Amino acid sequence: MHFEFTEEQLMIKQAACDFAQTELKPGVIERDEHQKFPAGEIKKLGELGFLGMMVAPQYGGSGMDAISYVLAMEEIAKVDASVAVILSVNNSLVCTGLEKFGTEAQKQKYLVPLAKGEHIGAFCLSEPEAGSDATSQRTTAIDMGDHYLLNGTKNWITNGSTASTYIVMAQTDAAKKHHGINAFIIEKGMEGFTIGAKENKMGVRGSDTHSIMFSDVKVPKENRIGDDGFGFTFAMTLLGGGRIGIAAQALGIAAGAYELALQYSKERKAFGKSLADLQAIQFKLADMATEIEAARLLCLKAAWLKDHGQPYAQASSMAKLFASDVAMRVTVEAVQIHGGYGYVKEYHVERMMRDAKITQIYEGTSEIQRIVISREVLK
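A brief look at the structure comes next. (Residues numbered from 1 in each chain as written. Predicted model: local features only at pLDDT ≥ 70, side-chain atom pairs only at ≥ 80, totals over all residues. Heavy atoms only, no water.)

### A closer look at the pattern of salt bridges
To keep things clear, this is the line we draw: Counted as salt bridges are all cases of a side-chain nitrogen of Lys or Arg within 4 Å of a carboxyl oxygen of Asp or Glu. Secondary structure follows DSSP: runs of H or I at least 4 residues long count as helices, runs of E at least 2 residues long count as strands, and numbering of each begins at the N terminus. Burial classes: relative accessible area under 20% of the type maximum marks a residue as buried, over 50% as exposed, and values in between as partly exposed (1.4 Å probe, protein chains only).
Tallied over the entire structure, the rule returns 21 salt bridges. Note that K44 and E23 form a salt bridge whose closest N and O atoms lie 3.0 Å from each other. With K44 in helix 3 (residues 39-47) and E23 in helix 1 (residues 7-24), the pair connects residues that are 21 residues apart, well separated along the chain. A relative accessible area of 30% places E23 in the partly exposed class. Here the salt bridges do not stand alone but share partners, grouping D32, E33, K345, E350 and R354 into one network.

Right, here's the structure in full:
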């Protein structure tokens, strides 16, 4: 790995930072308070090319590398983790899935508007009884000859009500277990497609999370992604890359909270001196800075491996596991450094602490990451 970023990568990082500070920060507390989806902000990010960052220009994307994606995600998540997860799903799961495995017709119809930011995508894997256990799909897609008949329920769907395009995992042949799972492209508005109530979440409250129900939805054969039975491999491949995005989100949350705590420690006076002059605070800041830097290097290593076509499943799981734990530890310490003010919304760090928790849960819990890592190291 080279530790110097290219001029283009630094420009992307700065553009994301500028956008986060000028466009996202002014309304982030209100969006969190009222669970308000950042529609205008997402539209602007789409126009700037951030919704299809790694998609080839021929399909409407920006053609950036995974390192640029990590740099941008960190800057966005420093200010608004809700926006970061919206970008993560659209980039890492939906756009990447369609570009890597979709047919040319699927790319032209669905990928191009998604990469341009004209549409938003959603990835529908989790179910009421099949979260991290992706093999236990209860949603079914019965082959009816010229179409599939889709029935079931998906839970915890990011962009659940704002998406136009949904990639849905469903069991076509239960006897084949995970070899009988397929991935389908579903359009909002198809008959039998229903969006459930919005979840009232602890964190990332600006992102819209819903259950999605399917009742005899007719899915054209051309909307299946890949060969019959490819769905499980499709999902696992995408989750490996998706973990890079979530790791970068966790990194950003931690880095944002640390920067606020560092600034506050220099300004706040206690016992006749700045908090930053107290050794107890200095030790906290030192530990926070060290863990954040370690998390950043893990994220960049996973992205570098992906960019260079090398196996990155273990690296992405390590980055996601470590960065999400760091996000929790750092945000808790940031609240502690702020004292009573840390418990007040206007100081931002309490929101960051709430946002950090979800990074340990989605894209596979921390326990799932340890399973993935252990399988790799034991090979």
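Moving on from the coordinates now.
### With respect to the side chain of N90
The condition that has to hold: What makes two residues a contact is simply this: any of their non-hydrogen atoms within 4.5 Å.
Tracing the sequence through the fold places N90 in helix 5 (residues 81-101). Sequence-distant contacts of N90, that is, excluding residues within four places in its chain, are made with L51, C95, L114, H119, I120 and G121.

### So, the packing of helix 9 (residues 313-338) against helix 10 (residues 349-359)
Selection criterion: To define axes, lines are fitted to C-alpha atoms, for helices over the stretch in contact only, and angles between the resulting N-to-C directions are given on a 0 to 180 degree scale. In this scheme, roughly parallel covers angles under 35 degrees and roughly antiparallel covers those over 145, while 65 to 115 is roughly perpendicular and the rest are oblique. In this scheme the crossing of two helices becomes right-handed for a clockwise turn of the near helix relative to the far one and left-handed for an anticlockwise turn of less than a right angle. Three classes are used: nonpolar for Ala, Val, Leu, Ile, Met, Phe, Trp, Tyr, Cys and Pro, charged for Asp, Glu, Lys and Arg, and polar for all others, with Gly counted as polar.
In the contact formed by helix 9 and helix 10, the axes pass within 9 Å of each other and the chain directions differ by 160°. Looking at the two axes, helix 9 sits roughly antiparallel to helix 10. Regarding helix 9 and helix 10, the two cross each other, and that crossing is left-handed. Contacts from K320, S324, A327, M328, T331, V332, A334, V335 and H338 of helix 9 reach helix 10 at V349, E350, M352, M353, A356, K357 and T359. Along the lines of polarity and charge, the residues of the contact of helix 9 with helix 10 split into nine nonpolar, four polar and three charged.

### Some remarks on the pairing of strand 4 (residues 165-171)
In plain terms, the rule: Two strands pair if DSSP finds at least two bridges between them.
Most of strand 4 is tucked away: seven of the seven residues are buried. Here strand 4 shows two buried faces, one formed by T165, I167, M169 and Q171 and the other by Y166, V168 and A170. Here strand 4 pairs with strand 5 (residues 181-187) via seven bridges, running antiparallel. Paired with A170 across the two strands is N182, which belongs to strand 5.

### Regarding unusual backbone geometry
Positioned with a positive phi, W156 is a non-glycine residue whose angle comes to about 55°. Secondary-structure assignment places W156 in strand 3 (residues 147-158). With a phi close to 55°, K177 is a non-glycine residue in the positive phi region. Summarising the element assignment, K177 is placed in the loop between strand 4 and strand 5.

Function-wise, these values are silent; they only describe arrangement.
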